[in-house]
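One-letter residues, chain by chain:
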Amino acid sequence: MATFGTLSDRLTETFRNLRTKGKLTPADVDGTVREIRRALLDADVALTVVKDFTAKVRERALSDEVNRALNPAQQVVQIVNEELIAILGGEQRRLQFAKNPPTIIMLAGLQGSGKTTFAGKLAKQLEKDGHTPLLIAADLQRPNAVNQLQVVAEQAGAAIYAPEPGNGVGDPVRVARDGVEHARRALHDIVIIDTAGRLGVDAELMKQAADIRAATQPDEVLFVIDAMIGQDAVNTAKAFQEGVDFTGVVLSKLDGDARGGAALSVASVTGRPIIFASTGEGLDDLEPFHPDRMASRILD
Ligand code: GDP
């Protein structure tokens, strides 16, 4: 994965300079923290997140807790690594299933973020694990969205509930509610609701998503965000958190040359865990998100 390459290289360079020093002095810490700050900003991590992060690293590096058995570079690497893992959510968070099926998973995010593709990927993975997911086409905004989900469902070998022309068209809340009812009757153990996205955040979109949430009471609301959107990630994530709220994040397009700031920023400002990483256009390009692995990748 090319992601985080820039950040990695910058930090490696910074630590290389430290490695030549015998002992960690306040001046070393300040110099290093300044470099980390620059590297994170260059990686498109939001300024508020960078400030918090570097303040924590500085405080810890100057405290008595540092491990004297390590050389200065190793000490800072250890602290930065632990703080990165903390920001990225700590432990790996898995998808939560309902005690009484069906588990209802709702997707939200901007248009083009990768929701529909992710719906297919998740359905395929769940099928492989023995589940019987039903995809619900509640994105009635884009003329082609229902078709697109139909194609993805077919590729994934998953069932789909889509509005018949003239029956519920134009009312995504009703389609979502009817779809969930259909899943109960047809004994699907998981429901994945694809919702409409707009090019930018807007109040109507948020209300529609909030209404779908209220009508279907999902166990998981997954916010899908394109890792390439850089600095915009924070505002978009905040808007969706306020407008719909979500239980977890799907970071898509991590295969591109995103600089990775979105992952750190979104997890940090929303406090919601990243659950999946989407890494390509193919339906098999989906991985569980591991905070510790992502942190190591940043530091490698
Ligand atoms: P939606 O509007 O949120 O439903 O987004 P789509 O699922 O239609 O995805 C928008 C575009 O991004 C499509 O061309 C997808 O093939 C592409 N896409 C989705 N996920 C990924 C990914 O993880 N990596 C790459 N490279 N492309 C992706």
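Higher on the page you've got the structure.
Rules used throughout
Residues numbered from 1 in each chain as written. Predicted model: local features only at pLDDT ≥ 70, side-chain atom pairs only at ≥ 80, totals over all residues. Heavy atoms only, no water. Helix = DSSP H or I, 4+ residues; strand = E, 2+ residues; numbered from the N terminus. Buried < 20%, exposed > 50% of the residue type's maximum accessible area, 1.4 Å probe, protein only. Contact = heavy atoms within 4.5 Å. Areas by Shrake-Rupley, 256 points an atom, 1.4 Å probe, with all protein chains shown as cover. Axes fitted to C-alpha atoms, helices over the stretch in contact; angles between N-to-C directions. Left-handed = near helix turned anticlockwise from the far one by under 90°. Nonpolar A, V, L, I, M, F, W, Y, C, P; charged D, E, K, R; others polar. Salt bridge = Lys/Arg side-chain N within 4 Å of Asp/Glu carboxyl O. Expected span 1.5 Å × (residues − 1). Pairing = 2+ DSSP bridges.

Chemist: Go over the overall build of the protein chain with me, naming the residues and quoting the values.
Modeler: The secondary structure content of the protein chain amounts to 11 helices and 8 strands. Every one of the 300 residues in the protein chain was classed for burial, and the buried ones make up 51%. Of the contacts made within the protein chain by residues no fewer than 6 positions apart, 78% connect residues no fewer than 24 positions apart. Per element, the accessible surface of the protein chain, about 13,400 Å² overall, is 46% carbon and sulfur.

Chemist: Residues and numbers for the environment of Tyr161, please.
Modeler: As for its placement among the helices and strands, Tyr161 is situated in strand 3 (residues 159-161). Separated by 15 residues in the primary sequence, Tyr161 and Val146 have C-alpha atoms spaced 9.6 Å apart. Leaving out residues up to four positions away in the same chain, Tyr161 has contacts with Leu134, Leu135, Ile136, Ala137, Val175, Asp178, Gly179 and His182.

Chemist: Go over the packing of helix 9 (residues 232-243) against helix 10 (residues 261-270), please, and point to the residues and values.
Modeler: When two helices pack together, their arrangement is given by the angle between the helix axes and the distance between those axes. Following both chains from N to C, one finds helix 9 and helix 10 inclined at 35 degrees, their axes separated by 9 Å at the closest point. Note on packing geometry: the crossing formed by helix 9 with helix 10 is right-handed. Here Ala233, Val234, Ala237, Lys238 and Gln241 of helix 9 come into contact with helix 10, specifically with Ala262, Ser265, Val266, Val269 and Thr270. When the residues that make up the contact of helix 9 with helix 10 are grouped by side-chain class, the tally is 6 nonpolar, 3 polar and 1 charged.

Chemist: Tell me about the pattern of salt bridges, and please be specific about residues and values.
Modeler: The tally for this structure, following the rule as stated, stands at 14 salt bridges. Put simply, Asp139 and Arg142 hold a salt bridge, and the shortest N to O gap is 3.9 Å. One salt bridge connects Asp226 with Lys253, and the closest N-O pair in it is separated by 3.4 Å. Pair noted here: Asp226 is in strand 5 (residues 220-226) and Lys253 is in the loop between strand 6 (248-252) and helix 10, with a separation of 27 residues, a long-range link. Look at Asp226 and you get buried, because its relative accessible area is 14%. The partly exposed category is assigned to Lys253, whose relative accessible area is 32%. Salt bridges here are not isolated pairs; linked through shared partners, they connect Arg60, Glu82 and Glu83.

Chemist: For helix 9, give the residues involved together with the corresponding values.
Modeler: Helix length check: helix 9 (12 residues) gives 17 Å between terminal C-alpha atoms against 16 Å at 1.5 Å per residue, within 8%. Inspection of helix 9 places Ala233, Val234, Thr236, Ala237, Phe240 and Gln241 among the buried residues, and these make up the whole buried set. Lining the buried residues of helix 9 we find strand 1 (103-108), helix 8 (203-216), strand 5 and helix 10. Downstream of helix 9 by one or two residues, Asp245 has phi in the positive range, about 65 degrees.

Chemist: Outline the sheet that holds strand 2 (residues 133-138), supporting the account with residue identities and numerical values.
Modeler: The sheet built from 8 strands is open, its strands ordered 3-2-4-1-5-6-7-8 with mixed pairing. Pairing within the sheet leaves two strands with one partner each, and these edge strands are strand 3 and strand 8 (286-288). Each adjacent strand pair in this sheet contributes to an overall mean axis angle of 25 degrees, direction not counted. Across 4 bridges, strand 1 lies against strand 4 (residues 190-195) in parallel orientation. What sits directly across from Ile104, in strand 4, is Val191.

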